[in-house]
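If you want the building blocks of each chain, they are given just below.
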Amino acid sequence: MARGFKKITSTYVPLNIENVDTDQIIPARFLKATTRDGFGKNLFRDWRYEEDDESKPKVSFVLNQSRYRGNILIAAKNFGCGSSREHAAWAIADYGFQVVVCSFFADIFKNNALNNGLLPVTVSESFLQKLFEQCEDATLTIDLVSQTITNDITGEFEIFDINAYKKTCLLNGYDDIDYLLSLKTDIVQFENHYNQT
(Lines give C-alpha, C1' and ligand atoms only; values in the text may rest on other atoms or scores of the structure.)
Protein backbone atom coordinates (compact mmCIF):
# COMPACT_ATOMS: atom_id res chain seq x y z
CA MET A 1 0.00 0.00 0.00
CA ALA A 2 1.12 3.59 -0.64
CA ARG A 3 2.21 5.77 2.26
CA GLY A 4 -0.60 7.59 3.97
CA PHE A 5 -1.31 11.24 3.35
CA LYS A 6 -3.49 13.96 4.80
CA LYS A 7 -2.89 16.95 2.54
CA ILE A 8 -1.26 17.43 -0.86
CA THR A 9 -0.39 20.71 -2.56
CA SER A 10 0.96 20.20 -6.05
CA THR A 11 0.99 21.41 -9.61
CA TYR A 12 -1.11 19.18 -11.82
CA VAL A 13 -1.17 17.46 -15.20
CA PRO A 14 -4.25 18.25 -17.34
CA LEU A 15 -5.60 15.41 -19.50
CA ASN A 16 -8.54 17.10 -21.19
CA ILE A 17 -9.88 14.01 -22.98
CA GLU A 18 -13.30 12.54 -22.21
CA ASN A 19 -14.15 8.83 -21.92
CA VAL A 20 -10.61 7.63 -21.26
CA ASP A 21 -10.90 3.87 -20.89
CA THR A 22 -8.62 1.50 -19.02
CA ASP A 23 -7.07 0.15 -22.23
CA GLN A 24 -5.89 3.67 -23.03
CA ILE A 25 -4.58 4.09 -19.50
CA ILE A 26 -2.60 0.83 -19.69
CA PRO A 27 -2.81 -1.20 -22.93
CA ALA A 28 -3.66 -4.90 -22.59
CA ARG A 29 -0.27 -6.05 -23.92
CA PHE A 30 1.37 -4.78 -20.71
CA LEU A 31 -0.79 -6.75 -18.29
CA LYS A 32 1.45 -9.81 -18.01
CA ALA A 33 3.29 -8.76 -14.85
CA THR A 34 2.04 -10.10 -11.53
CA THR A 35 3.36 -7.30 -9.29
CA ARG A 36 2.32 -3.65 -9.25
CA ASP A 37 5.78 -2.31 -10.05
CA GLY A 38 6.82 -0.97 -13.43
CA PHE A 39 3.41 -0.16 -14.87
CA GLY A 40 4.01 3.60 -14.75
CA LYS A 41 6.44 3.53 -17.67
CA ASN A 42 3.61 2.28 -19.88
CA LEU A 43 0.94 4.69 -18.65
CA PHE A 44 -0.93 6.03 -21.72
CA ARG A 45 1.67 4.19 -23.80
CA ASP A 46 -0.09 4.49 -27.17
CA TRP A 47 -0.68 8.21 -26.67
CA ARG A 48 2.86 8.93 -25.46
CA TYR A 49 4.96 7.39 -28.24
CA GLU A 50 5.04 7.12 -32.02
CA GLU A 51 5.02 3.52 -33.28
CA ASP A 52 5.31 2.21 -29.69
CA ASP A 53 8.91 3.47 -29.64
CA GLU A 54 10.12 5.19 -26.43
CA SER A 55 12.71 7.10 -28.48
CA LYS A 56 9.85 8.83 -30.35
CA PRO A 57 7.72 10.68 -27.79
CA LYS A 58 4.69 12.52 -29.13
CA VAL A 59 5.46 16.12 -28.19
CA SER A 60 1.78 17.03 -28.26
CA PHE A 61 0.88 14.62 -25.45
CA VAL A 62 0.67 16.20 -22.02
CA LEU A 63 2.95 13.71 -20.21
CA ASN A 64 5.72 14.57 -22.66
CA GLN A 65 5.53 18.32 -21.94
CA SER A 66 7.95 19.49 -19.27
CA ARG A 67 5.71 22.41 -18.27
CA TYR A 68 3.24 19.95 -16.72
CA ARG A 69 4.38 18.08 -13.63
CA GLY A 70 2.98 17.11 -10.26
CA ASN A 71 1.31 14.44 -8.16
CA ILE A 72 -2.20 15.25 -9.38
CA LEU A 73 -3.81 14.19 -12.67
CA ILE A 74 -6.82 16.21 -13.87
CA ALA A 75 -9.02 14.24 -16.26
CA ALA A 76 -12.14 15.02 -18.28
CA LYS A 77 -15.42 13.28 -17.48
CA ASN A 78 -15.98 9.52 -17.56
CA PHE A 79 -12.40 8.63 -16.69
CA GLY A 80 -11.55 4.95 -16.22
CA CYS A 81 -14.43 3.49 -18.23
CA GLY A 82 -14.15 0.17 -20.06
CA SER A 83 -12.78 -3.00 -18.54
CA SER A 84 -12.32 -3.54 -14.83
CA ARG A 85 -8.54 -3.99 -14.91
CA GLU A 86 -6.92 -3.00 -11.64
CA HIS A 87 -3.69 -2.37 -13.55
CA ALA A 88 -5.02 1.05 -14.61
CA ALA A 89 -4.86 2.28 -11.02
CA TRP A 90 -1.47 0.58 -10.59
CA ALA A 91 -0.06 2.40 -13.64
CA ILE A 92 -1.28 5.83 -12.52
CA ALA A 93 0.08 5.37 -9.00
CA ASP A 94 3.37 3.89 -10.21
CA TYR A 95 3.88 6.88 -12.50
CA GLY A 96 3.76 9.07 -9.39
CA PHE A 97 0.24 10.42 -9.23
CA GLN A 98 -1.44 10.34 -5.82
CA VAL A 99 -4.73 11.96 -6.83
CA VAL A 100 -6.95 11.92 -9.92
CA VAL A 101 -9.53 14.70 -10.24
CA CYS A 102 -12.52 14.34 -12.54
CA SER A 103 -16.20 15.26 -12.80
CA PHE A 104 -17.24 11.62 -13.24
CA PHE A 105 -15.38 8.35 -12.70
CA ALA A 106 -16.35 4.88 -13.82
CA ASP A 107 -17.37 3.06 -10.62
CA ILE A 108 -15.01 0.11 -11.00
CA PHE A 109 -12.04 2.37 -11.65
CA LYS A 110 -12.92 4.51 -8.64
CA ASN A 111 -13.02 1.46 -6.37
CA ASN A 112 -9.78 0.08 -7.81
CA ALA A 113 -8.10 3.44 -7.21
CA LEU A 114 -9.22 3.58 -3.58
CA ASN A 115 -8.08 -0.02 -3.04
CA ASN A 116 -4.61 0.86 -4.32
CA GLY A 117 -3.84 4.08 -2.45
CA LEU A 118 -4.89 6.42 -5.26
CA LEU A 119 -7.42 9.12 -4.31
CA PRO A 120 -10.17 9.80 -6.90
CA VAL A 121 -11.69 13.25 -6.29
CA THR A 122 -15.01 14.03 -7.96
CA VAL A 123 -15.71 17.71 -8.62
CA SER A 124 -18.37 19.67 -10.49
CA GLU A 125 -17.96 20.15 -14.23
CA SER A 126 -17.63 23.93 -13.79
CA PHE A 127 -14.85 23.54 -11.20
CA LEU A 128 -13.06 21.08 -13.48
CA GLN A 129 -13.23 23.37 -16.50
CA LYS A 130 -11.61 26.21 -14.53
CA LEU A 131 -8.76 23.88 -13.65
CA PHE A 132 -8.19 23.11 -17.32
CA GLU A 133 -8.23 26.82 -18.15
CA GLN A 134 -5.65 27.72 -15.46
CA CYS A 135 -3.42 24.68 -15.55
CA GLU A 136 0.05 26.05 -16.27
CA ASP A 137 2.02 26.58 -13.03
CA ALA A 138 -1.23 26.38 -11.06
CA THR A 139 -1.48 24.36 -7.88
CA LEU A 140 -4.21 22.49 -6.09
CA THR A 141 -4.48 21.61 -2.43
CA ILE A 142 -6.32 18.41 -1.59
CA ASP A 143 -7.06 18.01 2.10
CA LEU A 144 -8.23 14.49 2.79
CA VAL A 145 -9.10 15.20 6.42
CA SER A 146 -11.57 17.97 5.55
CA GLN A 147 -12.38 16.36 2.17
CA THR A 148 -11.74 19.61 0.30
CA ILE A 149 -10.06 20.44 -2.98
CA THR A 150 -8.90 24.04 -3.38
CA ASN A 151 -7.87 25.92 -6.49
CA ASP A 152 -4.91 27.82 -5.04
CA ILE A 153 -5.08 30.55 -7.70
CA THR A 154 -8.69 31.55 -7.05
CA GLY A 155 -9.25 30.20 -3.55
CA GLU A 156 -12.35 28.38 -4.78
CA PHE A 157 -12.90 24.99 -3.20
CA GLU A 158 -15.29 22.07 -3.26
CA ILE A 159 -16.03 19.29 -0.82
CA PHE A 160 -15.69 15.75 -2.15
CA ASP A 161 -17.21 12.50 -0.95
CA ILE A 162 -15.26 9.46 0.12
CA ASN A 163 -16.22 6.27 1.90
CA ALA A 164 -15.26 6.59 5.59
CA TYR A 165 -13.45 3.25 5.64
CA LYS A 166 -11.42 4.07 2.53
CA LYS A 167 -10.63 7.50 3.96
CA THR A 168 -9.16 5.85 7.07
CA CYS A 169 -7.10 3.52 4.90
CA LEU A 170 -5.73 6.37 2.76
CA LEU A 171 -4.93 8.56 5.76
CA ASN A 172 -2.89 5.76 7.31
CA GLY A 173 -1.51 4.06 4.20
CA TYR A 174 -3.46 0.88 4.99
CA ASP A 175 -4.64 -1.87 2.71
CA ASP A 176 -7.45 -4.12 3.96
CA ILE A 177 -5.04 -6.40 5.86
CA ASP A 178 -3.21 -3.46 7.44
CA TYR A 179 -6.56 -2.10 8.61
CA LEU A 180 -7.46 -5.38 10.30
CA LEU A 181 -4.03 -5.54 11.94
CA SER A 182 -4.56 -2.02 13.29
CA LEU A 183 -7.57 -3.38 15.16
CA LYS A 184 -5.68 -6.31 16.65
CA THR A 185 -5.70 -4.94 20.22
CA ASP A 186 -9.45 -4.27 20.09
CA ILE A 187 -10.10 -7.72 18.62
CA VAL A 188 -8.04 -9.44 21.32
CA GLN A 189 -9.81 -7.47 24.07
CA PHE A 190 -13.19 -8.39 22.62
CA GLU A 191 -12.25 -12.06 22.42
CA ASN A 192 -10.95 -12.06 25.99
CA HIS A 193 -14.14 -10.37 27.22
CA TYR A 194 -16.32 -12.79 25.25
CA ASN A 195 -14.43 -15.82 26.54
CA GLN A 196 -14.88 -14.67 30.14
CA THR A 197 -18.67 -14.38 29.89
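On a predicted model such as this, the values are computed, not experimentally measured, just so you know.

1. So, the nonpolar core
Now for step 1: Among the nonpolar cores identified, the biggest contains 56 residues, and Phe44, Phe79, Val101, Phe109 and Leu119 are the most heavily contacted of them.
Now for step 2: Of all the elements, helix H3 (residues 87-95) adds the most residues to this core, at 5 residues.
Now for step 3: If we ignore the near neighbours within four places in the chain, the residues touching Leu119 are Phe5, Gln98, Val99, Val100, Ile142, Leu144, Phe160, Ile162 and Leu170.

2. A look at the packing of aromatic side chains
Now for step 1: The full count for this structure, using the stated rule, is 8 aromatic pairs.
Now for step 2: Ring plane angle 85° and centroid distance 5.2 Å describe the contact between Phe79 and Phe109, whose orientation is recorded as edge-to-face. You can see Phe79 sitting in the loop between strand E2 (72-75) and H3 and its partner Phe109 sitting in helix H4 (residues 107-115), a full 30 residues away along the chain.
Now for step 3: On the accessibility criterion, Phe79 (0% relative accessible area) is buried.

3. Observations concerning the packing of H3 against H4
Now for step 1: Their axes nearest at 8 Å, the elements H3 and H4 cross at an angle of 50°. When the axes of H3 and H4 are compared, the pair comes out oblique. Considering only the axes of H3 and H4, their crossing is right-handed. Residues Ala88, Ala89 and Ile92 of H3 pack against Phe109, Asn112 and Ala113 of H4.
Now for step 2: Across the contact of H3 with H4, the residue classes tally to 5 nonpolar, 1 polar and no charged.

Analysis parameters
Residues numbered from 1 in each chain as written. Predicted model: local features only at pLDDT ≥ 70, side-chain atom pairs only at ≥ 80, totals over all residues. Heavy atoms only, no water. Core = buried A, V, L, I, M, F, W, Y, C linked by side-chain atoms within 4.5 Å. Buried < 20%, exposed > 50% of the residue type's maximum accessible area, 1.4 Å probe, protein only. Helix = DSSP H or I, 4+ residues; strand = E, 2+ residues; numbered from the N terminus. Contact = heavy atoms within 4.5 Å. Phe/Tyr/Trp six-rings, centres within 6.5 Å; stacked < 30°, edge-to-face > 60°. Axes fitted to C-alpha atoms, helices over the stretch in contact; angles between N-to-C directions. Parallel < 35°, antiparallel > 145°, perpendicular 65-115°, else oblique. Left-handed = near helix turned anticlockwise from the far one by under 90°. Nonpolar A, V, L, I, M, F, W, Y, C, P; charged D, E, K, R; others polar.

Geometric descriptors of this kind do not, in isolation, establish any biological role.
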